[in-house]
Amino acid sequence: QQMQLNMTIEGMRKNGMSDTRIAEMLASNLFKSSDSTYEDNLKKLGVSDLSEPSTINIYPKDFEAKEEIISIIGTYNDGVEEANRITYTDYIGIMMSSVTTIISAISYILIAFVAISLVVSSIMIGIITYISVLERTKEIGILRAIGASKRDISRVFNAETLIVGLTAGLIGIGGTLLLIIPINSIIHSLTDISASAQLPSIAAIILVGISMLLTFVAGLFPSRVAAHKDPVVALRTE
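Treat the numbers as computed from the prediction; the structure is a model and nothing was measured.

Draft legend 1. Structural detail: the overall build of the protein. Summing up its helical and strand segments, the protein has 10 helices and zero strands in all. If you list the helices and strands of the protein from N to C, you get α-α-α-α-α-α-α-α-α-α. Taking all 238 residues of the protein together, the buried fraction comes to 18%. At a minimum sequence separation of 6, the contacts of the protein that also span at least 24 residues come to 65%. Carbon and sulfur atoms make up 65% of the accessible area of the protein, which amounts to about 18,000 Å² in all.

Draft legend 2. Molecular detail of the pattern of salt bridges. What the rule picks out here adds up to four salt bridges. With a shortest N-O distance of 4.0 Å, Arg155 and Asp152 are connected by a salt bridge. Taken as a pair, Arg155 and Asp152 lie in helix 7 (residues 150-191) at a separation of three residues, close to a single helical turn. Accessibility expressed as a relative area gives 31% for Asp152, which makes it partly exposed. Among the charged side chains, a salt-bridge network with shared partners connects Arg136, Glu139 and Glu160.

Draft legend 3. Inspection of the nonpolar core at higher detail. Formed by Val133, Ile140, Ala148, Ile153, Phe157, Ala226 and Ala227, the largest nonpolar core amounts to seven residues. For this core, the elements supplying multiple residues, two or more each, are helix 7 and helix 9 (220-227). Not counting residues within four places of it along the chain, the set of residues in contact with Ala148 comprises Leu143 and Ile153. Within the second largest apolar cluster, five residues are counted, among which are Leu5, Ile9, Ile22 and Leu26.

Draft legend 4. Main features of the layout of surface pockets. Quantified by volume, the largest pocket comes out at close to 790 Å³. Ile56, Asn57, Ile58, Tyr88 and Thr89 are, among the 22 residues lining the largest pocket, the residues nearest its centre. For the lining of the largest pocket, the secondary-structure elements that each account for two or more residues are helix 4 (63-78) and helix 5 (91-135). In terms of residue count, helix 4 provides more of the lining of the largest pocket than any other element does, five residues in total. Residue composition of the lining of the largest pocket, by class: 13 nonpolar, five polar and four charged. Considered as a void within the structure, the second largest pocket measures approximately 430 Å³ in volume. Taken together, 19 residues line the second largest pocket, and the ones lying closest to its centre are Leu118, Ala168, Gly169, Leu207 and Ser211.

Draft legend 5. Inspection of the packing of aromatic side chains at higher detail. Under the counting rule described, the total for this entry stands at one aromatic pair. The interplanar angle of 25° and the centroid separation of 6.5 Å between the aromatic rings of Tyr130 and Phe221 together place this pair among those described as stacked. One end of the pair, Tyr130, is in helix 5; the other, Phe221, is in helix 9, with 91 residues separating them in the sequence. Exposure remark for Phe221: the relative accessible area of 57% places this residue in the exposed category.

Draft legend 6. Representation of the confidence of the model for the protein. Here the protein averages 80 in pLDDT, and 86% of its residues register 70 or above. Helix 3 (residues 38-44) is the least confidently modelled element of the protein, averaging 67 in pLDDT, while helix 8 (residues 201-218) averages 88, the highest of any element.

Draft legend 7. Expanded view of helix 4. Taking 1.5 Å of rise per residue, 16 residues should cover 22 Å, and helix 4 covers 23 Å from first to last C-alpha, within 8% of that figure. For helix 4, the N-terminal capping position is held by Asp62, with its side-chain oxygen 3.4 Å away from the main-chain nitrogen of Glu64.

Draft legend 8. Summary view of the side chain of Thr129. Among the secondary structure elements, Thr129 is positioned in helix 5. Discounting chain neighbours no more than four positions away, the residues touching Thr129 are Phe157, Thr161, Gly219 and Pro222.

Draft legend 9. Spotlight on the side chain of Ser154. Along the chain, Ser154 falls in helix 7. Exposure remark for Ser154: the relative accessible area of 17% places this residue in the buried category. In this structure, Ser154 is in contact with Ser223 and Ala227, ignoring residues within four places of it in sequence.

Parameters and conventions
- Residues numbered from 1 in each chain as written.
- Predicted model: local features only at pLDDT ≥ 70, side-chain atom pairs only at ≥ 80, totals over all residues.
- Heavy atoms only, no water.
- Helix = DSSP H or I, 4+ residues; strand = E, 2+ residues; numbered from the N terminus.
- Buried < 20%, exposed > 50% of the residue type's maximum accessible area, 1.4 Å probe, protein only.
- Contact = heavy atoms within 4.5 Å.
- Areas by Shrake-Rupley, 256 points an atom, 1.4 Å probe, with all protein chains shown as cover.
- Salt bridge = Lys/Arg side-chain N within 4 Å of Asp/Glu carboxyl O.
- Core = buried A, V, L, I, M, F, W, Y, C linked by side-chain atoms within 4.5 Å.
- 1 Å grid on protein atoms, 1.4 Å probe; cavity = no way out; pocket = protein on both sides within 12 Å on 5 of 7 lines; lining within 4 Å.
- Points joined across faces, edges and corners; volume = space filled by probe spheres on them.
- Nonpolar A, V, L, I, M, F, W, Y, C, P; charged D, E, K, R; others polar.
- Phe/Tyr/Trp six-rings, centres within 6.5 Å; stacked < 30°, edge-to-face > 60°.
- pLDDT = per-residue confidence, 0-100.
- Expected span 1.5 Å × (residues − 1).
- Polar contact = N/O pair within 3.5 Å; in protein donor to acceptor, adjacent residues only side chain to side chain.

Shown next as structure tokens:
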């Protein structure tokens with residue numbers, strides 16, 4: 001109502017009416033009605049009563065204070081009727097929720113790309129191991145001829161794939177640790193954020209373990225193929 005009244009007054013002024021004439025018209029329209037009271041006129045003019053506020057803005061000093069305020073309001077609302085309950089809008093909470101949603105969406109997209117790259121790399125490791133088996137057929141025949149069992153042949157190729165996974169994981173962790181240094185410098189120079197990106201030790205160990213597991217799974221089929229090769233045929237292979 002206050003905004004509408006201000007717009008009406010500005011419109012009257014633009015039409016060339018004097019402030020005295022505007023005051024007379026407002027007095028005749030607002031204050032001379034039979035059912036109008038002093039309190040109603042004050043409300044129409046936008047006057048508020050501190051004892052009966054319609055809204056209150058609370059500015060907590062930190063997140064702990066904000067959570068305490070929300071807890072106090074919740075406790076109060078639990079003990080009163082619905083008509084007397086306090087409704088509040090947590091603007092910071094809404095902003096943080098939006099930011100969290102955006103970050104989660106970006107994280108899921110990155111995870112999808114990483115998953116695709118892991119699948120592709122696992123397939124390539126399996127192909128490379130299978131090619132290695134084909135190229136080392138005579139070596140497999142010699143090992144079988146000197147007494148190596150099928151399980152021993154399988155273990156040789158499984159060990160090689162595990163070593164490949166371990167080496168790849170260590171290279172990836174080393175590259176990450178090296179890239180963290182310029183990334184932190186760029187973030188600090190652009191945003192003045194003191195917090196720095198870091199790779200926890202447990203996460204690094206888990207990532208290396210995942211790399212070894214993927215390469216091991218990718219090499220199971222080629223190692224089984226190598227283990228079931230006929231040693232006589234393998235020895236004749238040139």
